[in-house]
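Inside the fold
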Amino acid sequence: MVDPFDPGTLAMHLVFKRRRGRPRKADALSAAERARRYRAKRKLLAVQSVPTVVYEQVVRERDEAKAQLVLLRAKLEHLRPLLGC
């Protein structure tokens, strides 16, 4: 610091070295925020995946329902002349 009343003092140019490594970002997330986002993403992905056993059961039930629909439509076509439709 320069003393204005002392003519013998000079202004020192202080040079501050940058810290090592990559500079910090102003909007960087904390570790807790990163972990929270990671857990939320994992939870979302886990909900979307369906176990193979469940998928196979649903496909089997769908095929049974289609077969039953074909039988019911055949019965309806057989009964239409009797009902006068």
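Let me sum up the structure you'll find in this document.

1. Things to note about the overall build of the chain
- When helices and strands are tallied, the chain shows 2 helices and 0 strands.
- Computed over C-alpha atoms, the radius of gyration of the chain comes to 38 Å, more than 25% over the 12 Å expected from 2.2 N^0.38 for 85 residues, which places it beyond the range of a compact globule.
- Seen along its three principal axes, the alpha-carbon backbone of the chain occupies a region of about 120 × 30 × 15 Å.
- By the burial criterion, 0% of the 85 residues in the chain qualify as buried.
- When the accessible surface of the chain is split by element, carbon and sulfur atoms take 61% of a total near 9,400 Å².
- If the 20 positive side-chain charges of the chain are averaged to one point and the 9 negative ones to another, these points end up 4 Å apart.

2. Considerations on the pattern of salt bridges
- Scanning the entire structure with this criterion turns up 2 salt bridges.
- With a closest N to O distance of 3.1 Å, Arg 62 and Asp 63 form a salt bridge.
- Overall, the relative accessible area of 44% leaves Arg 62 in the partly exposed class.
- A relative accessible area of 38% means that Asp 63 is categorised as partly exposed.
- Here Glu 77 makes a salt bridge to Arg 80, at a shortest N to O gap of 3.7 Å. Taken together, the positions of Glu 77 and Arg 80, both in helix α2 (residues 52–83) and 3 residues apart, correspond to about one turn of that helix.
- Under the relative-accessibility criterion, Arg 80 is labelled partly exposed at 37%.

3. Observations concerning the environment of Arg 60
- With respect to the helices and strands, Arg 60 occurs in helix α2.
- Distance in space between the C-alpha atoms of Arg 60 and Asp 3 is 91 Å, their sequence separation being 57 residues.

4. A few points about α2
- Over its 32 residues, α2 runs 45 Å from end to end, which matches the ideal 46 Å to within 8%, given 1.5 Å per residue.
- The first or second residue beyond α2 is Gly 84, which carries a positive phi of 80 degrees.

Cut-off values and rules
- Residues numbered from 1 in each chain as written.
- Predicted model: local features only at pLDDT ≥ 70, side-chain atom pairs only at ≥ 80, totals over all residues.
- Heavy atoms only, no water.
- Helix = DSSP H or I, 4+ residues; strand = E, 2+ residues; numbered from the N terminus.
- Rg over C-alpha atoms; globule rule 2.2 N^0.38 Å.
- Buried < 20%, exposed > 50% of the residue type's maximum accessible area, 1.4 Å probe, protein only.
- Areas by Shrake-Rupley, 256 points an atom, 1.4 Å probe, with all protein chains shown as cover.
- Lys, Arg positive; Asp, Glu negative; His and termini not counted.
- Charge placed at Lys NZ, Arg CZ, Asp CG, Glu CD.
- Salt bridge = Lys/Arg side-chain N within 4 Å of Asp/Glu carboxyl O.
- Expected span 1.5 Å × (residues − 1).

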